[in-house]
Amino acid sequence: MVSHYYLASLLLLLLLNPHTTLGAQNLMLPYHNGALLKGTITVNLLWYGSFTPIQRSIILDFINSLSSTAGAPLPSVASWWKTTDKYRGGSTTIVLGKQILEQTYSLGNYLNGTQLVSLSSRFDHLNAINVVLTSSDVGVDGFCRSRCGTHGSITNGQKARIPYVWVGNSEAQCPGQCAWPFHQPAYGPQAPPLIAPNGDVGLDGMVINVATLLAGTVTNPFNEGFYQGPPTAPLEAVSACTGIFGSGAYPGYPGRVLVDKTTGASYNSYGAGNGRKYLLPAMWDPQTSACKTQV
Ligand SMILES: *[C@@H]1O[C@H](CO)[C@@H](O)[C@H](O)[C@H]1NC(C)=O
């Protein structure tokens with residue numbers, strides 16, 4: 001039922017290897033001849049645990065900015081997402097679908113993979129990506145030890161395969177792994193953390209991982225799209241570029257990004273119509289075979 005797990009942060013491996021070259025040219029992500037997600041795709045969100053309205057709006061405004069350019073100066077969230085169009089051509093328009101607030105911790109405060117999948121199945125929707133977001137007080141199998149989020153797909157009866165994503169708020173559990181560069185890295189070269197653009201280390205870290213996993217999902221939804229390495233631990237559109245946020249990145253240094261003169265926050269993308277700023281990771285560009293940064 002679960003097609004694959006995926007490591008949203010290989011940062012640890014990169015940081016432990018001082019000879020790693022980030023953003024190397026001619027990085028290849030082979031295409032495995034299967035389906036990609038193109039056209040209009042609905043993103044449904046299940047919020048598991050405790051999220052404030054402001055925390056939810058950080059993610060919602062990000063999702064709403066992926067395919068909308070209303071009022072967003074460049075570089076925008078939409079200009080970042082556009083690189084996914086280059087994967088065999090044809091655009092992927094993201095629209096926000098339903099939301100479920102699961103505030104009663106109905107499955108407890110520790111979830112395994114089976115439970116994540118069952119939460120994602122509460123949405124019944126084709127052409128959708130069902131996203132489960134867990135709050136900072138919820139443990140998840142493998143969270144922090146090996147991953148900051150996952151994506152995969154489930155098959156429901158006669159229906160098509162439906163992709164799902166899970167991302168956890170790492171702030172209380174492992175911000176050095178899953179909310180870098182807004183927190184000191186857990187391992188490797190140390191540099192001062194960047195100020196999170198929405199003032200919330202956990203949520204701004206979640207945006208990085210949601211961005212990583214959504215890009216991985218549309219370009220490799222069923223493990224037969226674009227990826228490098230073993231299908232059980234694929235390097236995908238953004239995970240192949242882990243640790244890069246701006247030009248000149250090297251292990252421990254996220255690269256040159258924009259800095260808000262008032263707050264000192266680091267960012268590289270403007271949201272649409274909401275005035276928010278985001279720091280988005282580099283994405284592999286099939287045209288240049290290199291990791292593309294916003295700035
Ligand atoms: C996940 O947890 C549920 C509830 O405790 C349990 O019934 C199920 O067997 C677990 N699944 C796995 C794969 O461990």
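Heads up: the structure comes first, above all this text.
Model, not experiment: these values are computed from the prediction.

*Asks:* Let's hear about the overall build of the protein: which residues, and what values?
*Replies:* The secondary structure content of the protein amounts to six helices and 13 strands. Relative to the globule expectation of 19 Å for 295 residues, the C-alpha radius of gyration of the protein, 17 Å, shows essentially globular dimensions. On the principal axes, the C-alpha backbone points of the protein span a range of 50 × 40 × 40 Å. Relative to its full complement of 295 residues, the protein shows a buried share of 56%. Accessible surface, the protein as shown: approximately 11,500 Å² in total, 54% of it carbon and sulfur. Here the protein holds 16 positive side-chain charges and 13 negative ones, and the gap between their average locations is 6 Å.

*Asks:* Can you explain helix α4 (residues 113–120)? Please cite residues and give values.
*Replies:* Buried within α4 we find Gly113, Leu116, Val117, Leu119 and Ser120. In a view along the axis of α4, the buried residues occupy a sector of 160°, so they form one face of it. Taken together, the buried residues of α4 touch β1 (39–48), β3 (110–111), β4 (128–134), β5 (139–140), β6 (149–155) and β7 (161–168). Near the N-terminus of α4, the side chain that reaches the backbone nitrogen of Thr114, with its oxygen 3.1 Å away, is that of Asn112.

*Asks:* Could you give me a rundown of the pattern of salt bridges, with the residues and numbers involved?
*Replies:* Counted by the stated rule, this structure contains six salt bridges. In this structure, Asp85 and Lys82 form a salt bridge, with 2.9 Å as the shortest nitrogen-oxygen distance. Note on Asp85: relative accessible area 14%, which makes it buried. Residue Lys82 is classed as exposed on the basis of its relative accessible area of 52%. In this structure, the salt-bridge partner of Lys277 is Asp260, at a minimum N-O distance of 3.0 Å. With Lys277 in strand β11 (residues 277–278) and Asp260 in the loop between β8 (258–259) and β9 (266–267), this pair connects stretches of sequence that are 17 residues apart. The class for Lys277 is partly exposed, based on a relative accessible area of 21%. For Asp260, a relative accessible area of 15% gives the class buried.

*Asks:* How would you summarise the site of the ligand if you had to cite specific residues and measurements?
*Replies:* The full set of residues close to the ligand is Asn112, Thr114 and Gln115. Side-chain polar atom of Thr114 to a nitrogen atom of the ligand: 3.3 Å apart, as the coordinates give it. In isolation the ligand has 360 Å² of accessible area, and contact with the protein removes 28% of it.

*Asks:* Can you break down the pairing of β7 residue by residue, with the values?
*Replies:* Of all the eight residues making up β7, seven are buried; the element is thus mostly covered by neighbouring parts of the structure. Both β6 and β7 contribute to a ladder of seven bridges, which runs antiparallel. Paired with Thr155 across the strands is Arg161, a residue of β7.

*Asks:* Please set out the state of the cysteines residue by residue, giving values where relevant.
*Replies:* Covalent bonding between the sulfur atoms of two cysteines defines a disulfide. Within this structure, the stated rule accounts for three disulfides. Sulfur-sulfur distance for the disulfide between Cys241 and Cys291 comes to 2.1 Å. Torsion about the S-S bond of the Cys241 and Cys291 cystine: about -90°, corresponding to left-handed handedness. Of the two residues, Cys241 sits in the loop between α6 (201–219) and β8 while Cys291 sits in strand β13 (residues 290–292), which places them 50 residues apart along the sequence.

Cut-offs applied
- Residues numbered from 1 in each chain as written.
- Predicted model: local features only at pLDDT ≥ 70, side-chain atom pairs only at ≥ 80, totals over all residues.
- Heavy atoms only, no water.
- Helix = DSSP H or I, 4+ residues; strand = E, 2+ residues; numbered from the N terminus.
- Rg over C-alpha atoms; globule rule 2.2 N^0.38 Å.
- Buried < 20%, exposed > 50% of the residue type's maximum accessible area, 1.4 Å probe, protein only.
- Areas by Shrake-Rupley, 256 points an atom, 1.4 Å probe, with all protein chains shown as cover.
- Lys, Arg positive; Asp, Glu negative; His and termini not counted.
- Charge placed at Lys NZ, Arg CZ, Asp CG, Glu CD.
- Arc of directions from axis to C-beta.
- Contact = heavy atoms within 4.5 Å.
- Polar contact = N/O pair within 3.5 Å; in protein donor to acceptor, adjacent residues only side chain to side chain.
- Salt bridge = Lys/Arg side-chain N within 4 Å of Asp/Glu carboxyl O.
- Near = heavy atom within 4 Å.
- Pairing = 2+ DSSP bridges.
- Disulfide = S-S within 2.5 Å.

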